[in-house]
Amino acid sequence: CGVIGIYGPGKKVARLAYFGMHALQHRGQESAGMAVGDGQEISIHKAMGLVTEVFGEKKIAEIENEKSQVTIGHVRYSTTGSSLVSNAQPLVFRYAKGMLAVAHNGNLTNASELRQDLAVTGAVFQTTTDTEVIVNLLARYSQSSLEEALMKVMIDIKGSYSVLVMTENRLLGMRDPYGVRPLCLGRLDGAYVLASESCALDTMGATFIRDIEPGEIVVIDEKGLTSLKTLSPLRKASCIFEYIYFARPDSVIDGIWVNLARRAMGRQLAREVQIDADIVIGVPDSGTAAAIGYSLESGIPFEEGLMKNRYVGRTFIQPTQEMRSQAVRLKLNAIKKAVEGKRVIMIDDSIVRGTTSGKIVQMLRQAGAKEVHMLVSSPPITYPCYYGIDTAVRKELIAAVKTIEEIRELIGADSLHYLTEEGILEAMGQQSDTMTGKDFCTACFTGDYPIEVSDKHDMQDPS
Ligand code: 5GP
Ligand code: SF4
Ligand code: MG
């Protein structure tokens, strides 16, 4: 999911958030929502669909007025079994001290425990999201100030969370003590912005200030910005998959440019795997940067070998295997003249189910490629993610049930190679002055989960 929050009295905060949400669309296509506070009341609009489908001039005008001063927005990631409008965010509720809205990116790993505890003491739930657990905890701590309540919530909840909370006239943000999901801070003509990714700041014309630190709570109101450092992390565990696939290449997360990280992975891949080939191509969009890196390091020319139809959104793709195969062809096509008669190295960022790769190899062969070598710029994904990356997809992980040779055969490539675990950490470490390979979560490759996961079965609704 993606979150954005703006505090800016006198600014068109809803309109600005709308721009920011566009830039975060890749983080979730299932639903979109925005809450706006005008000092007295919070108004909310949310629905299933893309940002453009859910919002427009009319909707923005409805929820915004001349007193609007604070807003939070959310785009939700699609997972099976939970495509319900009732699970759309932000969640808005009235409690002892007024109104609150909450938007969450991440996944709590002790949500079912907390849910049971809360239910015993009389809490009721309207959704199946773990975000509502946060809402109920905030309500439970309503005797405290909101910042104290958030600190208490932080002690109760486990897992990954970049959370935005707003009242009628304040904006608060918090990032989990491991810093799994990103959250950054920007400024725009005196307004403050919190966003999942810096690309949202760029889109709005805001200036990037810094990342919110793991375990930090920021409070933004008429007094300005106050930072509260709460829990000190045992270790940092920034999600490596944000850099591999999830985040946009034009974002900078924890000091590392996503595009450069992907290039470095491609360069590392070239150091690890040498293949006699004529051209290197990337699977657009997410495999392109790694393919360029591979080409730069190996000297094998980069070619545009595949064309992506940018009007086929992810929401278009139906969740059956048959439809998925069809969808690959709707989305990608080989550029015949580029690959004909060539020995091709095709690079993608990751293999999940193997559906895409199999279809593309076939496509390249039909277009006349002499050889197709598939290289993957990350290690095999063998474990599910419990921290908010598409778990529904991850149940079907091909590398968890098949050997590399079996996968190669299945996708029909001449050879198949993955980047090593050491290699990807090396590539990431090179990109940062402050972080080493140890500062990333790599659990989907290693099974080494940095944060205790107490409810592995309650995974229907990552935010
Ligand atoms: P496959 O066909 O192997 O299932 O999908 C591989 C493609 O999906 C890759 O090109 C990769 O960019 C993309 N991908 C990687 N992780 C995810 C994920 O968590 N969700 C979705 N929807 N796509 C992913
Ligand atoms: Fe990211 Fe993988 Fe860790 Fe999930 S398990 S947070 S996808 S690195
Ligand atoms: Mg891809």
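Everything numeric here is computed off the predicted structure, so don't read it as measured data.

The rules we used
Residues numbered from 1 in each chain as written. Chains lettered and ligands numbered in written order. Predicted model: local features only at pLDDT ≥ 70, side-chain atom pairs only at ≥ 80, totals over all residues. Buried ≥ 20, exposed ≤ 12 C-beta atoms within 10 Å, placed from the backbone. Helix = DSSP H or I, 4+ residues; strand = E, 2+ residues; numbered from the N terminus. Pairing = 2+ DSSP bridges. Near = placed C-beta within 6 Å. Nonpolar A, V, L, I, M, F, W, Y, C, P; charged D, E, K, R; others polar. Domains from an automatic or database assignment. Axes fitted to C-alpha atoms, helices over the stretch in contact; angles between N-to-C directions. Parallel < 35°, antiparallel > 145°, perpendicular 65-115°, else oblique. Left-handed = near helix turned anticlockwise from the far one by under 90°. Contact = placed C-beta atoms within 7 Å.

Enquirer: When you look at the pairing of strand β13 (residues 224–229) in this model, what are you seeing that I'm missing?
Expert: Both faces of the sheet carry side chains from a regular strand, because those side chains alternate between them. Of all six residues in β13, zero are buried, a share of ten percent or less. The pairing of strand β12 (residues 216–221) with β13 spans six bridges and is classified as antiparallel. Note that in β13 the partner of Val-218 across the bridge is Ser-227. Here β12 hands over to β13 after two residues, the two strands then running antiparallel side by side.

Enquirer: So what exactly am I meant to see when it comes to the site of ligand 1 here?
Expert: In the vicinity of ligand 1 lie 16 residues, with Val-352, Arg-353, Thr-355, Thr-356 and Asp-390 positioned nearest. With three residues, the top contributor of residues to the shell around ligand 1 is helix α13 (residues 355–366). The residue inventory of the shell around ligand 1, partitioned by class, reads six nonpolar, six polar and four charged.

Enquirer: Before we go on, may I ask you to explain the domain arrangement of the protein in this structure?
Expert: Where interface size is given, it is often the accessible area lost as the parts come together that is meant. When cut into domains, the protein gives domain 1 (2–234) and domain 2 (258–439). Taking only C-alpha atoms into account, the centre of domain 1 sits 33 Å from that of domain 2.

Enquirer: Would you mind going over unusual backbone geometry with me for this structure?
Expert: Note: most residues except glycine have negative phi, and most peptide bonds are trans. In this model, Gln-89 is joined to Pro-90 through a cis peptide bond whose omega is 5°. Of note, Pro-90 is situated in the loop between β4 (70–76) and β5 (91–95). Between Pro-284 and Asp-285 the backbone carries a cis peptide bond, its omega angle lying at -5°. Here Asp-285 is to be found in the loop between β17 (279–282) and α10 (288–298). Unusually for a residue other than glycine, Asp-254 sits at a positive phi of about 50°. Note on Asp-254: 21 C-beta atoms within 10 Å, which makes it buried.

Enquirer: What is the right way to look at the packing of helix α5 (residues 131–140) against helix α6 (residues 146–156) in this model?
Expert: The relative placement of two packed helices is expressed as an angle between their axes plus a distance between the axes. Running from N to C, α5 and α6 point in directions that differ by 130°, and their axes come no closer than 9 Å. As far as their axial angle goes, α6 and α5 are oblique. Taken as a pair, α5 and α6 cross one another with a handedness that is right-handed. Residues Ile-134, Leu-137 and Leu-138 of α5 pack against Ala-149, Val-153 and Asp-156 of α6. Here the residues of the contact of α5 with α6 are counted per class, giving five nonpolar, no polar and one charged.

Enquirer: Help me understand the sheet that holds strand β20 (residues 343–348) in this model?
Expert: The strands that make up a sheet pair up through hydrogen bonds in the backbone, lying either parallel or antiparallel. Within the open sheet, the four strands sit side by side as β17-β20-β21-β22. Their pairing is parallel. Only two strands of the sheet have a single neighbouring strand rather than two, namely β17 and β22 (415–418). Strand-to-strand twist of the sheet, defined as the mean angle between neighbouring strand axes without regard to direction, takes the value 20°. Relative to β20, β17 is paired through four bridges, and the arrangement is parallel. Within β20, the position partnered with Val-280 by the bridge is Ile-345. With respect to the sheet, α13 is in contact with β20 and β21 (371–376), its orientation differing from that of β21 by roughly 150°.

Enquirer: Please clarify how helix α17 (residues 421–430) should be interpreted in this entry.
Expert: Buried within α17 we find Gly-423, Ile-424, Leu-425, Ala-427 and Met-428. As for α17, its buried residues are in contact with α8 (240–246), α9 (258–272) and β23 (440–441).

Enquirer: How should the sheet that holds strand β6 (residues 98–108) be read in this particular structure?
Expert: The six strands are arranged β5-β6-β7-β8-β12-β13 in an open sheet whose pairing can be described as antiparallel. With one partner strand each, in any of the chains shown, β5 and β13 form the two edges of the open sheet. Between one strand axis and the next, the sheet turns through 20° on average, direction left out of account. Across four bridges, the pairing between strand β8 (residues 171–175) and β12 is antiparallel. Of the residues in β12, the one forming a bridge with Gly-173 is Val-218. Together, β7 (159–166), β8, β12 and β13 form the strand contacts of α6, whose direction differs from that of β8 by roughly 20°.

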